[in-house]
Structures are given as C-alpha cells and as structure tokens.
Amino acid sequence: LGRIMPPPAAAPDDAVPIRAAATVMLVRDAPSGGALEVLLVRRNLNSDFVGGAYVFPGGAVDPLDGGAEAEALCEGRSDAEASALLGVPAGGLAYWVAVVRETFEEAGLLLARRREGPPLLGGDPAEEARFVAERAAVNDRTRRFLDLCRDEQLLLSVGEVHYFAHRSEEHT
C-alpha cells in the first residue's frame, strides 16, 4: 500500500490540489520459483493522464471508503491501527479499503473472503458471471463497493495488504 498525502505547506494559488490516493503493488512468487511476479494494469488509451501506460492498481480515496461501515467489513486491521501506520489521527483504514476497491475495479481481483461458507469465486461459473456484472456496476457507479461487500457477506482482507511507503507531489 502506498499513499499520496497533501504537503504540509500551503500550495501556490496555481497549484493543482493534491487528493488522497492509494496504490497497491500485488506481488507473488512465480510458480517456477526464484522470481517474483508483479501485477500491472494498462490505463485506458483514451485517458487524459498517461493513457496506455502500465501502472499499479490504485486511485483516489473515496469518502465512502472510510468510517464505521467500512471498518465493519474489514478483517486484519482496524482504523486505529491503519491510522497509526500512516501517522494520521483517524481515517487511515480508508486507504486500505481504497486499494481493495480499486484492485477490484481495475483488475477484477477481489481481496476478500466470505464471512462463512464456500471460498469466494471457487470456480462456480454462475458466481463468476455475477461478480463480473457486479464489477461493471461498481465501475459505472451504479453499485457501491461496500454495498456489494455487505450484501455478499464479504470481509475485505486489509490485514494482508502491507504498508510500504508514501509520497507527496506538487504540480503547478
């Protein structure tokens, strides 16, 4: 998990405002061993910013990524723990929820598990088709990510996402 934080100093009048954002690097051991595999997604060619570039999944932290509703759907890290890691008084867990949401939106990977029952997306074609449709609805903003998680009785695996670094950049 990486995050972009607003700079502590006042920005010049012509500066572009910095928004809270989070990026995730998904890394795993290669099946052949010895090497690592890293997930990158390709930005839409028509994007205003670096269209066609390969990037790590991530994006803006939505105000709905935080709060009690989000924390109730998270496993492995509380808002207090996330906030302490990021050095903020509160609201740190929203960065973790944002990367889980963005990874689902951009890459179709859902870093979550069911509260009870069979493994999530365990090979059931009907369930996989339903989640493809749910992903499209989340991307179209006709379905809230947290509503999907609540309705499907999912716990977001935020404890499996580890904080790596942060940076701030000003653009004028």
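Residues numbered from 1 in each chain as written. Predicted model: local features only at pLDDT ≥ 70, side-chain atom pairs only at ≥ 80, totals over all residues. Heavy atoms only, no water.

### Digging into the side chain of E134
Summarising the element assignment, E134 is placed in helix α4 (residues 125-139). Discounting chain neighbours no more than four positions away, the residues touching E134 are F104, R143 and L148. (Helix = DSSP H or I, 4+ residues; strand = E, 2+ residues; numbered from the N terminus. Contact = heavy atoms within 4.5 Å.)

### Structural notes on the nonpolar core
Counting 32 residues, the largest nonpolar core has W96, L110, F145 and L156 as the members making the most contacts within it. Mapped by element, the contributors of at least two residues to this core are α2 (79-86), α3 (93-107), α4, α5 (145-151) and β9 (154-156). A per-element tally of this core places α3 first, with nine residues. (Core = buried A, V, L, I, M, F, W, Y, C linked by side-chain atoms within 4.5 Å. Buried < 20%, exposed > 50% of the residue type's maximum accessible area, 1.4 Å probe, protein only.)

### Things to note about the pattern of salt bridges
Any two side chains of opposite charge can pair, given that their charged atoms come close. Taken as a whole, this structure holds 17 salt bridges when the rule is applied. With a shortest N-O distance of 3.9 Å, R130 and E127 are connected by a salt bridge. With R130 and E127 both in helix α4, this residue pair falls three residues apart, about one helical turn. Between R150 and D147 there is a salt bridge, and its shortest N-O distance comes to 2.9 Å. Placement of the pair is R150 and D147 together in helix α5, with a separation of three residues, close to one helical turn. According to the relative accessible area criterion, R150 is partly exposed, its value standing at 42%. (Salt bridge = Lys/Arg side-chain N within 4 Å of Asp/Glu carboxyl O.)

### Considerations on the environment of L156
Looking at the secondary structure, you find L156 in strand β9. Sequence separation of L156 and R77 is 79 residues, and the distance between their C-alpha atoms is 9.8 Å. Setting aside residues up to four positions removed in sequence, L156 forms contacts with L73, C74, E75, V97, V100, L111, A112, F145, L146 and C149.

### Digging into the packing of aromatic side chains
Per the stated rule, a full pass over the model turns up one aromatic pair. On the numbers, 6.0 Å between centres and 40 degrees between planes, the contact of F104 with F145 is tilted. Taken together, the residues span a long stretch of sequence, with F104 in helix α3 and F145 in helix α5 at a distance of 41 residues. Both residues of the pair, F104 and F145, count as buried. (Phe/Tyr/Trp six-rings, centres within 6.5 Å; stacked < 30°, edge-to-face > 60°.)

### Quick word on a nonpolar patch on the surface
Taken together, the side chains of M25, V27, L36, V38, L40, Y54, F56 and F164 define a hydrophobic patch exposed on the protein surface, amounting to about 820 Å² of accessible area. Mapping L36 onto the fold places it in strand β4 (residues 36-38). (Patch = residues over 30% accessible without salt bridge, like charges linked within 9 Å, V, L, I, M, F, W, Y side chains within 5 Å. Areas by Shrake-Rupley, 256 points an atom, 1.4 Å probe, with all protein chains shown as cover.)

### Brief notes about the packing of α2 against α3
With their axes 7 Å apart at the nearest point, α2 and α3 run at an angle of 95 degrees to one another. Accordingly, the angle class assigned to the pair α2 and α3 is roughly perpendicular. Judged by residue contacts, D79, A82, L85 and L86 of α2 engage L93, Y95 and W96 from α3. Of the residues belonging to the contact of α2 with α3, the class tally is six nonpolar, no polar and one charged. (Axes fitted to C-alpha atoms, helices over the stretch in contact; angles between N-to-C directions. Parallel < 35°, antiparallel > 145°, perpendicular 65-115°, else oblique. Nonpolar A, V, L, I, M, F, W, Y, C, P; charged D, E, K, R; others polar.)

### Things to note about the confidence of the model for the protein chain
Scored by pLDDT, the protein chain comes out at a mean of 88, with 89% of its residues at no less than 70. At the low end of the mean pLDDT range in the protein chain sits strand β1 (residues 2-4), at 56; at the high end sits α5, at 97. (pLDDT = per-residue confidence, 0-100.)

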